[in-house]
Each structure stands twice: as structure tokens, then as C-alpha cells.
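# Analysis of the macromolecular model
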Amino acid sequence: MSLKTKTLSAAIVFVLIFLGFALAASQLVFLPSFEALEAAEVSHHLDQAASHINDESKNMGLALSDWSQWDETYEFASGGAKGYIQSNFASDSFATLKTNFIIITNKNLAPVFARGEDLSAGNEIAVPGALLREIADPASPIGKVSRSGRASLEGVLSLPEGLLLVAARPILRTSGEGPVNGVLFWARFLSGEEVERIARQLKLSVAIHDLRKPGMAPDFAGALGAIQAGEPRPVIPLDEHNVAAYATLDDIHGQPALIIKAANSREVLRQGKNTIWYFITLLIIGGVALTGAAAYFLNRQVVGRVLGLASAAGSISLEQDALGRIPAEGRDEIASLALAINAMLQKIESEISRRTASEKMLRVNERRLETLMRLLPVGVFYTDPKGNFRYVNPAWLNITGVAIEQALGKGWLHTLSGEDTTRVFEEWNTALGEKKTFHSEFRFARPGEAAVWVLATALAEHDRAGNVTGYVGTLTDITARKNAETTLMWQEKLASLGALSAGVAHEILNPLNIISNNTQLLQIEDRHPRIQNGLATIMEQVNRIVKIVDALRVLTHPRKPAVEPVDPRALAEKTALLVEHEFELNHISIERDFGGDVPLIFVDADKLAQVMLNILNNARDAMKTQYGDRVTIRIGRVENTVRIVISDNGPGIPPEILNRVFDPFFTTKGPGRNPGLGLSVAFLFLQRMKGKLEVSSVYGQGAAFTITLPVESADDGEEKAFILS
């Protein structure tokens, strides 16, 4: 869209907005004013109608006063003046007085005269019983008239027969003196004809509805609901041409008796709407004229010159002339704009040169950083402020053996070795919460491989406000260091144990030989059975000491293994069969999971069988008294090694002793049952066969011992294995 079109469109939109504002103002300000005038006018008519109804009852009361304060009426109420009714209240008197009912009571409110007249038909009608009961009730408003010589009563009374305009006065002497000798009561039906008569007198449209009668018109029902909701005089449009106001009138008891309606034409509102539309039309004509004039001026003085600037700038852009400039003519703001654009072009030229060089350097640095991340042997990772991983480099993935999809987010925490998960999770959350450096050593449980030890360090990054924006960290493989530490620890233990066992073996075996020889000599002689039993116990304990000393010799001066090619599956099956019957007696099953692609291994078969047998017996002993019913032996090839995993679902190993299970003389079976050298000897044997023995456990869920042996010969390193089918 061109600037000229935009300018014209803007002017038109401005005029439309202005007109819309004027129209809205007329609807929100002027029109409500006319509606208020309309409501005031119809409410005034309603007041006139209601006032006229009240005046009718008051006029009836004024006429009644001449009859109530008269000696003849006073005497008639006492039982005298026998010709009073014939001379004063003949049939035509009802029409003259415009009343339907005349009732005279004595001082006890008992009627002494009660007659009704149908004014339109000219015949006598019965006085309603409800009216007689109302008059005879001392507690009614009429009763109050009888108790006071000064009281009077005018108003509306609602009966089942219809609405009545009523008036009552106390009967007094002509002098106005009492005591009150009864009540004179007049009443006239407030019928439809009466309402029409009132409407003709007022030249208004008036209607009423008795609230005691059903069949209320919808507009009356809606108005009554509004009155009951708290709006005393609702004004309701009847249709496009008429509006009505409504109000309720109370009876002599102070209760709503009827709802009155005064209707009026909506001429005031119609005239107001016409006035508003005349005003809007004039505004439209003026707006169109103003828009044309403004568009002409803007096009001549502003748009044309701005388009010239745009054309010059476009030429510079098309020609790609960084040295091009826009001509500046005149001394007004547009000329200043041209000069400013030229200055901006100069700065853009300099900025483009600078950014081109910076972007080139940035791309070079990005390639260098990407190459560095690929080549780094150290794992690198980045997290968001909540500790969710957002980036890891290839070295991190290689070290941990975790897939990129599994590493991102907090998935990496679930790939840790079981016994490290809780500790690392707590350390990581502590670092996040306290905004400190994260530093921890732990293991990743690589699928199908031995766990890898890592050293993880992470530092927080902050923005200028000091808020943490993320964490950058490194991951270093320290498995070799951990293995070296383990080997060194064992070497130190074995050195200490060797120094001890060399002397122990000499100093203990010589006395044991003497004890053994003498015990055997004593056993040859015929002695009492109790003595023979004691000598047998001595020999049993001597043999136990000899076994312990032999185990110490194995740890410190092991013999060279008898290496030969061994099928690990067959050896494991043979070992399992040796103990399976005893396991079944303890309700423990042995499950096999032997892989098909398993090569022969070069190992001392007897020693390896002894290692597996020792692990199986330990599992059996652990599950004898605690929960657990299954031991599983899994054998499979992992790269250039064969892995034998013996796991159980027993009680597991407590975390506080997990790192001590391979220590010499460490046992949990109690004194006298086991010297605690089985796992130590097994660990040393596998280490000398270039293999390793590892343990993992989740306390309460079982334990797993993993035997890893190389496929190559322990003597010359040449692979001798072949695949068994």
C-alpha cells in the first residue's frame, strides 16, 4: 500500500473514528437524556392518575362529612329518626352521591343500615359479607374511626368482589360534639368504567389490575416483579411507539391492593432520535469535506516529498551503492529527515563493515568450539536453572554409555548405579538450592558393561542481576584411578597380611603338628567315650586352623593357576547342580540365562567353580532366614570379555558394609561359622586371571556379583577362544 493511500486511509479512518465516537456519545449521552425525559413524562402521568384516584376517595369523604356530623344521623344510629332513611337515602340518592354502598353502624359497630346499589343498572345489590365483617372488626382501620371523634378514613379496600374506593367518618352531633355514636361508611367500586372515566378526565391512558385477581397481563407481571425487586416506579417500553409507568397503591391496611399503569406515546424519544441523526448527518458531511481538504494538503506538502525521499532511498538500495546519499532540499523537517538518513547511511556503512568482520570471526570461533567439544576427552554438559540437562558433548555420551534422548532433562539421574542414585540426587539438589558448585564422584551403570566411575563438577552461570541462568559442568572418567586405588589397597592389605601370615604359618603349624600327633596317639588308646569325643573335637578344630593357615598361604603365596580352555556355561551348570538339591530344600530356585554367543575362556576351572560355589552358598545363607526365593545365573559375552552375573532377590547388602565384602576375615555369619576369606580369595584369583569381581546391591531388593574374565589367554594374550554353538 502506497504512502498516499495510507494517508488517505488514515484520514478516512480518523473521520470514521470521530463519527463513531460522536455516534457512541449520542447513544450514551444524548439518547439516555431523551429516555430520561420520556420516563419523567410518563411517571408524571402515573402520578396524576394515582393522585386522582386518591382524590376520588377524599372527595367522597368530604361529601360524607355533611351526613356524619348531623343530629338526625346521630339519632338514627341510636335507634330513633324512623323516617331518616326514606327521606335521605332513597334509590336515586346512590346515583347522586356516586356511591355503591352506604352503611351506618351504632357505637358497637353493628350495622343499623346497609344497602348496595348498582349505579349502571339502577337496582339494589347485596352488601358483600367481607365488607360487613371488615366494618364490624374493632381492630380494622374502620374500628379506629369509631373510637375517635376526630378520625377519618379514605382509601382503597380490596374485596373478593373487587376494589372499592371507601370513606368513613365518625357519627357526631351537628355541633361536632360526641360521644361517637357509630360510623357512616360509603364505598364505590373502582371498576373498569370508573378507571376509564378517570382516564377521560385526565386525558391519559390509565389501567389498573387488582392484585387479588389472577390473569395478570404480561406487562403488569413484569412491572410487579420489578417493584418487588426494589424499583418503586418501573418504566417499561410497551412497543416501539408506547411506554408505560407502573406503581402499586396500598389499601386502608397499608398493603398493596392494586397496580396502576399510565401509558404514553414515545414522541419525545422519537424526536430525540431524529435530532441525533440530523446531527450525525451534518458531522458526516463535514467529516468528508475535512478529509478531502486534509488529504489534498498532506499530498501536496508532505506525502509527495516523502515519496521523493523513498524513491531516492530505493535507488540507493537497488544500485547497492553504499556511498550513495539522498538529496536534501529545503529547510523544514523533511529536509532534516534526508540529512538524518544520510548520516544513518554513513553509520550503517561502518556498522556493516564491523559486523561482517565480527560474524566471520564468530563463525570461525563456533567451528573451533564445535571441534573442541568433539575432540575433548572430558565430558561437558549444560543445564537450565532447574538442573535439567540441555546439552552434552560426545565424550559425555561415550563415558556414560547413555543415549542423548535419555540424558536430557533429568533422565541422566536414573542411569546412575543403584547405590549412588540417592546420594548424587541429594548432592545435586543441595547444589541447586544453595547455588553452590556441584562436585561428586559416582558411577554410571552402563547397560551390559561394568559400571564406570566419574568425577562430575558443575559451576553456576549468573546474569547481571545475580540470578542463576544455568550450570556448566564437566565429567571425567576416573575408573582407572578407582581400580588402581582398589589394587593398591589390596596390595597394601596383602603385604601386611603376608608379613603376618609368614610368621603365623610357621609359629602355628609346628605346635599344631605336636597337638595333632599327640591327639591321634590318645585316640588310639582305648578310652572312655567322653574322652574320645573331646579328642575328636580337638582334631576338628586343628583341621579348621590348618585350613585358615592354608587360605592365608593362598592369599600371600598363590600357586600358578592351571589354565585351560573352559566352557563357562557348562562349568556354571555343573556348579549349580552341586548345590541345587540343597537350595530346593530351602525353597530357593536356581534360574539359568546362558547366552548363545559365548566363547571358551582360559581359566583354572576348579578355582572358578570354587568362586561361583562360594557366591551361591553366600546367597543361600542370606535367603535362609529372610525374604528371597530365586537365584539367577546369567552368562554372556561383552566385547572381549565373558561376564557371569549371579544375582538373587534376597535381603541385599546394607550400604555401610558393601565396600567391605572383599576384605579378608570380614563376615556377617557370626563367630565360628566362616573365617571370612572366601570372597577375598575369589577376588584375588580373578584379579590374577586378568579378570575382576564386582558387587552391587539395593538393600532390601537383592544383590548381584559380577565375574568378568577376558577371552584371551592369561599367558600370552593371544585370543584362543572360539564360539560355542
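Residues numbered from 1 in each chain as written. Predicted model: local features only at pLDDT ≥ 70, side-chain atom pairs only at ≥ 80, totals over all residues. Heavy atoms only, no water.

In this fold, Val-306 is placed in helix 9 (residues 267-319). Sequence separation between Val-306 and Leu-337 is 31 residues; the distance between their C-alpha atoms is 9.4 Å. (Helix = DSSP H or I, 4+ residues; strand = E, 2+ residues; numbered from the N terminus.)

Let us look at the sheet that holds strand 19 (residues 630-638). Read across the sheet, five strands follow the order 17-19-20-22-21 without closing on themselves; strand pairing throughout is mixed. Each of the sheet's edge strands pairs with one partner strand only, and the pair in question is strand 17 (589-594) and strand 21 (692-698). Strand-to-strand twist of the sheet, defined as the mean angle between neighbouring strand axes without regard to direction, takes the value 15°. Inspection of the sheet shows strand 17 paired to strand 19 by six bridges, in the parallel sense. Bridging from a neighbouring strand, Ser-589 pairs with Arg-630 of strand 19. Packed on one face of the sheet, helix 16 (residues 568-585) meets strand 17, strand 19 and strand 20 (641-648) and runs near 170° to strand 17. (Pairing = 2+ DSSP bridges. Axes fitted to C-alpha atoms, helices over the stretch in contact; angles between N-to-C directions. Contact = heavy atoms within 4.5 Å.)

Here we take up the packing of aromatic side chains. Per the stated rule, a full pass over the model turns up 15 aromatic pairs. Relative to Trp-186, the ring of Trp-67 lies with its centre 6.4 Å away and its plane at 55°, an arrangement referred to as tilted. Pair noted here: Trp-67 is in helix 1 (residues 3-68) and Trp-186 is in strand 6 (residues 183-189), with a separation of 119 residues, a long-range link. Here the two residues Trp-67 and Trp-186 agree in accessibility, since each one is buried. Ring geometry for Phe-381 and Phe-389: centres 4.8 Å apart, planes at 10°, overall stacked. Both residues of the pair, Phe-381 and Phe-389, count as buried. An aromatic cluster is built from Trp-67, Trp-70, Phe-76, Tyr-84, Phe-89, Phe-113 and Trp-186, whose rings are joined through pairwise contacts. (Phe/Tyr/Trp six-rings, centres within 6.5 Å; stacked < 30°, edge-to-face > 60°. Buried < 20%, exposed > 50% of the residue type's maximum accessible area, 1.4 Å probe, protein only.)

Locating Thr-479 in the fold gives a position in helix 14 (residues 479-524). Within the structure, the side chain of Thr-479 is placed 2.7 Å from the side chain of Asp-477, a separation counted as a polar contact. Once residues within four sequence positions are removed from consideration, Thr-479 is found in contact with Val-452 and Trp-453. (Polar contact = N/O pair within 3.5 Å; in protein donor to acceptor, adjacent residues only side chain to side chain.)

A contiguous nonpolar surface patch, about 400 Å² in accessible area, is contributed by Leu-28, Val-29, Phe-30 and Phe-279. Residue class for Phe-279 comes out partly exposed when judged on its relative accessible area of 38%. (Patch = residues over 30% accessible without salt bridge, like charges linked within 9 Å, V, L, I, M, F, W, Y side chains within 5 Å. Areas by Shrake-Rupley, 256 points an atom, 1.4 Å probe, with all protein chains shown as cover. Salt bridge = Lys/Arg side-chain N within 4 Å of Asp/Glu carboxyl O.)

Right, let's talk about the environment of Leu-577 for a bit. Summarising the element assignment, Leu-577 is placed in helix 16. With relative accessibility at 52%, the residue Leu-577 sits in the exposed group. A sequence separation of 13 residues divides Leu-577 from Ile-590, and the C-alpha atoms of the two residues are 9.3 Å apart.

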